Amino acid sequence: MRAVLGAVSGLLAAFAALCVAELVSALLRPEASPVTAVGGAVIDRTPTGVKDWAIRNFGTNDKLVLQLGILVLLALFALVIGALSVPYPLLGALGVLAFGILGSVAAANRPAARTTDFVPSLVGALAGAVLLYVLGSLLSARRLWPPVVPFRRTPAAAGTAPAADETPAADETPAAGETPAADRTPAPFDRRRFVVLATAAAAVSAGAGVGGRAVNASGNREAAAARESIRLPRPASPARPLPKGVDLGVKGMFPFVTPNRDFYRVDTALVVPKVDADSWRLRLHGKGVRRELEIGYQDLLRRELIERDITLTCVSNEVGGKYVGTARWIGVRLADLLREAGVKPPSEGGPANQLVARSVDGMTLGSPVDTVMDGRDAMLAVGMNGEPLPFDHGFPVRMLVPGLYGYVSACKWLKELELTTFDDFDAYWVRKSWSREAPIKTQARIDTPRPFSSPRKGTVAVAGVAWAQHRGIAKVEVRVDGGDWQRAELATEANKDTWRQWSWEWPATSGNHTLEARATDGEGATQTSRRQGTVPDGATGWHSVVVTVP
Ligand SMILES: Nc1nc2c(c(=O)[nH]1)N[C@H]1C(S)=C(S)[C@@H](COP(=O)(O)O)O[C@H]1N2
Ligand SMILES: [Mo]
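Model, not experiment: these values are computed from the prediction.

Attention shifts here to the environment of Pro89. The residue Pro89 is located in helix H5 (residues 89-108) in this model. Linking Pro89 and Val134, residues 45 residues apart in sequence, is a C-alpha distance of 7.4 Å.

Dropping the structure here:
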């Protein structure tokens, strides 16, 4: 019974620790809360294979799954140290502290950590440790500390009075005021006191937790209001209006332009950074920079803005996957900024071949300088589909380089650009066994019919999208059950940096059928049939879909 109550006390102590830490981190910095910090540390240390698997299987929910996992482990640990706290209250308290120190160390070692980031976990753990010590002592029917003036000076009591809480022998120490028990049953504990204390602690903790949430929510509301008050200027170089035929309008297809709320999200941020645009600064420096730049958000908006339709793709996108989307972006031409700083690409004799983008959350992404400056619409984007960048997609400023996978180009929450070499610096994902350079691979995806669906006999529209950013799509072919390749109809091309819809009319006959699609890019290269996983530089192979026609 006491062990069970002890375990409950452990849970309560963990809850108290988390709630107090939540409040403290809300006041200091939301990213420094223990679960976020430990989660971030886990993400950074997760083997690439596992991370890639998680991204593929849990999608944007991978972070939720991770945080729930951490909470479950924490709860198990809390149950154990709680049970231990009954004979050994000090041990329980030390257990809570140890966990708090883990959180502190994790928070202090995050890439973009501030010096005070260790505080929330530590303060939370102290609160939890004191609580477990007190509850454990109550359950052990033991004095919290040796009385200053002993109640009685009987020889027996004097011998055991300084009841060292950590010695198990003290278990038999009678509580104050009781006569030493002759039998070996543990002294009764004060149930009422335990219940009152536990309830009060739970209530105070919940209050702290709710308070922390409220502080966070009000911070988020302010950030959202600040973002909503921004008016983006009209771009000097607007996007070409979308030709009528970019959307084939086939049922079951995704729209040509991906709405912001449906745009895939891939990043390592457990707490989305809420950057204040007014105080945001971008620093540009490094090898071959003749004039270092430091500019603010309004400086960027005052520059000549370009508007472009660009399809972004994640290297973790499996064949047939959904980590790809198209948006109309507004931003500043990156090459102009680099030229202003006196940067020359290696092809013109410049010393730096890698442009490293650094985010406010400590992420680093490296792009080839030659690619960024070869005339394509590489940009520092401020707008996405007619609004300032959403927080999830990098507000206030992110980088985009058409034709490169996101992990080597699309830094969100950007704060620094550094010119260096690939020999001198490995960016975050490169250290995790992804390739240094990663142009997007040509892919065709079948969006309709859906896998394992049962389309009706007769004419069935087989349709989807294909992409080969900056090379363009020249041809898409479909085949049924390994037969001859059939040329699909292509939608009008918006530009060669965007995906292109395609469709083919299939005279479907009864039975099980395998549909396959392959694309040929604007340079005449047809995508390979060789199946390769996403690591190290993007998946290859033909997308295939199996259907049953009744
Ligand atoms: N700061 C930061 N920027 C980042 C990432 C990240 O983890 N942190 N992930 C990159 C990856 S892998 C991709 S595919 C794109 C995804 O951009 P999106 O979430 O806006 O679709 O952002 C890139 N930029
Ligand atoms: Mo990615």
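Turning our attention to the UniProt feature "transmembrane region" (unreviewed entry) in the protein chain. Per the UniProt annotation, the sites labelled "transmembrane region" (unreviewed entry) are residues 64-84, 91-112 and 118-136. Structurally, residues 64-84 comprises 100% helix and 0% strand, and the distance from its first C-alpha atom to its last is 30 Å.

This part is about the state of the cysteines. Per the stated rule, a full pass over the model turns up 0 disulfides. With no disulfide of its own, Cys411 lies closest to Cys314 among cysteine sulfurs, the gap being 14 Å. Judged by its relative accessible area of 0%, Cys411 is buried.

Among the nonpolar cores identified, the biggest contains 88 residues, and Trp329 and Leu417 are the most heavily contacted of them. Setting aside chain neighbours within four positions, we find Trp329 in contact with Phe263, Ile306, Glu307, Arg308, Ile310, Met379, Ala381, Gly383, Met384, Leu389, Arg398 and Leu400.

Relative to the elements of secondary structure, Asp44 occurs in helix H2 (residues 34-45). Given a relative accessible area of 16%, Asp44 falls into the buried group. Setting aside chain neighbours within four positions, we find Asp44 in contact with Arg110, Pro111, Tyr428 and Lys432.

So, about the site of ligand 1. In the vicinity of ligand 1 lie 20 residues, with Tyr264, Asp267, His393, Arg398 and Lys412 positioned nearest. When ligand 1 is considered free in solution it has 530 Å² of accessible area, and contact with the protein chains removes 99% of it. One can see that ligand 1 is located within the largest cavity. Residue composition of the shell around ligand 1, by class: 11 nonpolar, 4 polar and 5 charged.

According to UniProt, the feature "domain: Oxidoreductase molybdopterin-binding" (unreviewed entry) maps to residues 271-429 in the numbering used here. In residues 271-429, the share of helix is 11% and the share of strand is 36%. The end C-alpha atoms are 19 Å apart.

Right, let's talk about the sheet that holds strand S12 (residues 458-467) for a bit. Read from one edge of the open sheet, 4 strands run S11-S12-S16-S15, paired in antiparallel fashion. The open sheet has two edge strands with one neighbour each: strand S11 (443-448) and strand S15 (489-490). Note that S11 and S12 share 5 bridges and pair antiparallel. The residue bridging Gln443 from the neighbouring strand is Trp467, located in S12.

About the cut-offs
- Along each chain, numbering runs from 1 in the same order as the chain's sequence is written.
- All chains are assigned letters beginning with A, and all ligands numbers beginning with 1, in the order in which they are written.
- Totals for whole chains, interfaces and linings use every residue, but because this is a predicted model, local features are given only for residues with pLDDT of at least 70 and side-chain atom pairs only at 80 or more, for both listing and counting.
- Side-chain calculation: all heavy atoms of the structure are included, whereas hydrogens and water are not.
- In DSSP terms, a helix is any run of H or I states spanning at least four residues, a strand is any run of E spanning at least two, and both are numbered starting from the N terminus.
- UniProt positions are given in the numbering used here, feature names are shortened, and annotations may be inferred rather than shown by experiment.
- Sulfur atoms of two cysteines make up a disulfide when they are within 2.5 Å.
- Partly exposed describes any residue whose relative accessible area lies between the buried limit of under 20% and the exposed limit of over 50%, with all areas from a 1.4 Å probe on protein chains only and scaled to the type maximum.
- Nonpolar cores are built from buried Ala, Val, Leu, Ile, Met, Phe, Trp, Tyr and Cys residues. Side-chain atoms within 4.5 Å join them into one set.
- Residue contacts follow a heavy-atom distance rule, with two residues in contact if any of their heavy atoms lie within 4.5 Å.
- Any residue with at least one heavy atom within 4 Å of a molecule or strand is counted as near it.
- In these tables, accessible area is a Shrake-Rupley quantity obtained with a 1.4 Å probe, and a residue counts as shielded only by the protein chains included in the view.
- Points on a 1 Å grid over protein atoms alone make up a cavity when a 1.4 Å probe fits among them but cannot get out, and a pocket when they form an open set with protein on both sides within 12 Å along at least five of seven lines; lining residues each have an atom within 4 Å of a point.
- For this analysis, a molecule is said to be in a pocket or cavity if more than half of its atoms are within 2 Å of the grid points defining it.
- Note on residue classes: Ala, Val, Leu, Ile, Met, Phe, Trp, Tyr, Cys and Pro are nonpolar, Asp, Glu, Lys and Arg are charged, and everything else, Gly too, is polar.
- Whether two strands pair comes down to DSSP finding at least two bridges between them.

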